[in-house]
Amino acid sequence: MKYIFSVIYWLMLFVCSTAWALPQQLPVPGGVVVLPLDSNANVPPEVTYDAQRVLVVRQDAQWLAIVGIPLASKPGTHKILVNNQGTINSVLFEIKDKSYPTQHITVTDDRKVNPYANDMKRIEAETAKINSALRHWRVSDSVPLNFVWPIEGRVSGLFGRRRVFNGEERNPHSGIDIAAATGTKIMAPADGVVSDTGNYFFNGNTVMVDHGQGLVTMFCHLDRVDVKAGQKIQQGEIIGTVGATGRVTGPHLHLGVSLNNARVEPLLFFPEREGYPSVE
Ligand SMILES: [Zn+2]
């Protein structure tokens, strides 16, 4: 009897941990789809979506493509290309429509909305550096998907919102904001390698963590950065502290998740939390 209970316990633990480790699916712009791949091979199929390599994981002898859908995607039928040791097939999937609400924000420093000509040069160089870190493909056969929240705090800004700063339309919100006091320690949500750090015009002090196969987390507006580019980090390690640097209205953490170079809804990757919005 004791043996049976122990088997049930371990079975439940296994089922819960594998189910929990995959991101929640949401087939909309800014969402994520998980697509089973038709392959019995021991080596993972090579998958691309919009010419970007896609994260492939194995679960119960089944290869799965985990695809990030860019916010600018049009609803309709989309496809990934699956290269199975030289044989290329496509897998179709549907993207549904989602309209994200508009948010009006007032920032006191208008230069952060209408940058000067010399600021623009800086912004272009920074955007190129950030994009290159987000596009980077790091080979890894064990991409960690069991994320932990980097800080405590209430969500003060939702993903995907169209944003109007001081009356002018700007890029949609590429992550979520979590309000917390300046100095609050930020933990790495999962193992990875620091791909980039910097002090950026809009994002302020920033850390980007590459978790492998195009999965990158981004932490912005930090007060202090405690890690360096190229550094290996473990889940729970402190990467910096919450601050109010860059284009902000107060201290908070901007948390972004990028998958195959698509900025996606971070809530899909983290465990459910009381008081947090649901994304269904
Ligand atoms: Zn933000």
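Residues numbered from 1 in each chain as written. Predicted model: local features only at pLDDT ≥ 70, side-chain atom pairs only at ≥ 80, totals over all residues. Heavy atoms only, no water.

A. Representation of the layout of surface pockets in the model. When its volume is computed, the largest pocket comes out at roughly 1100 Å³. Lining the largest pocket are 41 residues, and of these R163, P172, S174, N203 and R247 lie nearest its centre. Contributing elements (two or more residues each) for the lining of the largest pocket: strand 8 (102-105), helix 2 (117-135), strand 9 (155-157), strand 10 (162-165), strand 12 (176-179), strand 16 (216-225), strand 19 (252-259) and strand 20 (262-264). With 7 residues, helix 2 is the largest single contributor of residues to the lining of the largest pocket. Here the residues of the lining of the largest pocket sort into 20 nonpolar, 15 polar and 6 charged. Each of domain 1 (25-95) and domain 2 (102-269) contributes no fewer than three residues to the lining of the largest pocket. In this structure, the second largest pocket encloses a volume near 470 Å³. Contributing elements (two or more residues each) for the lining of the second largest pocket: helix 1 (2-21), strand 2 (46-49), strand 4 (55-59) and strand 5 (62-68). With 4 residues, the top contributor of residues to the lining of the second largest pocket is strand 4. Here the lining of the second largest pocket is built from residues that sort into 15 nonpolar, 6 polar and 4 charged. For the lining of the second largest pocket, the domains that each give at least three residues are domain 1 (25-95) and domain 2 (102-269). (1 Å grid on protein atoms, 1.4 Å probe; cavity = no way out; pocket = protein on both sides within 12 Å on 5 of 7 lines; lining within 4 Å. Points joined across faces, edges and corners; volume = space filled by probe spheres on them. Helix = DSSP H or I, 4+ residues; strand = E, 2+ residues; numbered from the N terminus. Nonpolar A, V, L, I, M, F, W, Y, C, P; charged D, E, K, R; others polar. Domains from an automatic or database assignment.)

B. Expanded view of the coordination of the zinc ion. Protein ligation of the zinc ion involves H173 (NE2), D177 (OD) and H254 (ND1), the donor distances falling in the range 2.0 to 2.1 Å. One chain supplies every donor to the zinc ion, and in sequence these donors are spaced H-x3-D-x76-H. Placement of H173 in the loop between strand 11 (168-170) and strand 12 and of H254 in strand 19 is noted, with a sequence separation of 81 residues between them. (Donors = N, O, S within 2.8 Å, 3.2 Å for Na, K, Ca; no water.)

C. Up close: the nonpolar core. Of all hydrophobic cores here, the largest spans 44 residues; its most connected members are F219 and F269. With 4 residues, the top contributor of residues to this core is strand 19. Summarising the domain contributions, this core has at least three residues from each of domain 1 (25-95) and domain 2 (102-269). Excluding its chain neighbours within four sequence positions, the residues that come into contact with F219 are P150, I186, P189, N205, T206, V207, V209, I239, L253, H254 and L255. (Core = buried A, V, L, I, M, F, W, Y, C linked by side-chain atoms within 4.5 Å. Buried < 20%, exposed > 50% of the residue type's maximum accessible area, 1.4 Å probe, protein only. Contact = heavy atoms within 4.5 Å.)

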